[in-house]
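What the coordinates show
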Amino acid sequence: MSTAHFATVEAYNAAHPDCPLPTQAPGRNGLRGYHAAMRGVTDDVADTGASLTVEFLPGGAPSPEGPDRVGTVVATRWGEGPVLVLAEAVSLRAAWEAVKRHWPTRLSEVRAALSDLGTS
């Protein structure tokens, strides 16, 4: 299974204008994402060992009381490039719940959790 890769946030946003990643830190910091208890998710897919965060776009993972949205799940270096697309056109609530249920610490585990949705 291949993962779409964009070198920069701007390149990702150009390809996914309906599910943008904020380009400025205040907007990124306001997103509800997954980061394995602030340690980050280790990139064992490209084997870089980088610490990544999983973002649910647009707008972050839905809050429990908020409405669900369909969007894209990506992994980034804390909101910076590269941007790895993990799932597209998925329920962000279902993706969030799948990731939380597995509590992954490695990117391969995030991909496995999202594969439960049948779309990664």
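First, a word on what this report is: a plain description of the structure on this page. Just so it is clear, the model here is predicted, and its values are computed rather than measured.

**What about the overall build of the protein chain?**
Scanning the protein chain from terminus to terminus reveals four helices and five strands. Mapped in sequence order, the helices and strands of the protein chain form the string β-α-α-β-β-β-β-α-α. Summarising its shape, the C-alpha atoms of the protein chain cover approximately 35 × 30 × 25 Å along the three principal directions. The buried share among the 120 residues of the protein chain stands at 42%. Taking contacts inside the protein chain between residues at least 6 apart in sequence as the whole, the part at least 24 apart equals 54%. When the accessible surface of the protein chain is totalled, it reaches about 5,800 Å², and 54% of it is carbon and sulfur. In the protein chain, which carries 10 positive and 13 negative side-chain charges, the distance between the mean positions of the two groups comes to 5 Å.

**Focus on the sheet that holds strand β5 (residues 80–91)**
What the five strands build is an open sheet, ordered β1-β5-β4-β3-β2; its pairing is antiparallel. The two strands at the open ends of the sheet, each matched to only one other strand, are β1 (4–6) and β2 (41–42). Here three bridges tie β1 to β5, and the two strands are oriented antiparallel to one another. When the bridges of β5 are listed, Ala4 appears paired with Val85. Sheet strands touched by helix α4 (residues 107–115): β2, β3 (51–57), β4 (70–77) and β5. Its angle to β5, the strand with the most contacts, is close to 15°.

**Describing the nonpolar core**
Tyr34, Phe56, Val73, Leu107, Val110 and Leu114 are the most contacted members of the largest nonpolar core, which has 21 residues in total. Within the residue set of this core, elements represented by two or more residues are β3, β4, β5, α3 (92–102) and α4. Setting aside residues no more than four positions away along its own chain, Val73 makes contact with Val54, Glu55, Phe56, Leu84, Val85, Leu86, Ala87, Val90, Leu92, Ala95 and Leu114. Grouped together as the second largest cluster of nonpolar side chains are 10 residues, Phe6, Val9, Val74 and Val85 included.

**Some remarks on the pairing of β3**
Counting buried residues in β3 gives six out of seven residues, a clear majority hidden from the surface. Sheet topology places β2 next to β3; two bridges connect them, and they run antiparallel. By the bridge assignment, Val41 is partnered in β3 with Leu52. In this structure, β3 lies alongside β4, joined through five bridges in antiparallel fashion.

**Digging into the pairing of β5**
Pairing of β4 with β5, which is carried by seven bridges, proceeds in the antiparallel orientation. Along β5, the bridge assignment pairs Gly71 with Val90. Taking the residues that link successive antiparallel strands as the turn, the β4-β5 hairpin has two residues, and the phi of Trp78 there is positive, at about 55°.

The rules behind each value
Residues numbered from 1 in each chain as written. Predicted model: local features only at pLDDT ≥ 70, side-chain atom pairs only at ≥ 80, totals over all residues. Heavy atoms only, no water. Helix = DSSP H or I, 4+ residues; strand = E, 2+ residues; numbered from the N terminus. Buried < 20%, exposed > 50% of the residue type's maximum accessible area, 1.4 Å probe, protein only. Contact = heavy atoms within 4.5 Å. Areas by Shrake-Rupley, 256 points an atom, 1.4 Å probe, with all protein chains shown as cover. Lys, Arg positive; Asp, Glu negative; His and termini not counted. Charge placed at Lys NZ, Arg CZ, Asp CG, Glu CD. Pairing = 2+ DSSP bridges. Axes fitted to C-alpha atoms, helices over the stretch in contact; angles between N-to-C directions. Core = buried A, V, L, I, M, F, W, Y, C linked by side-chain atoms within 4.5 Å.

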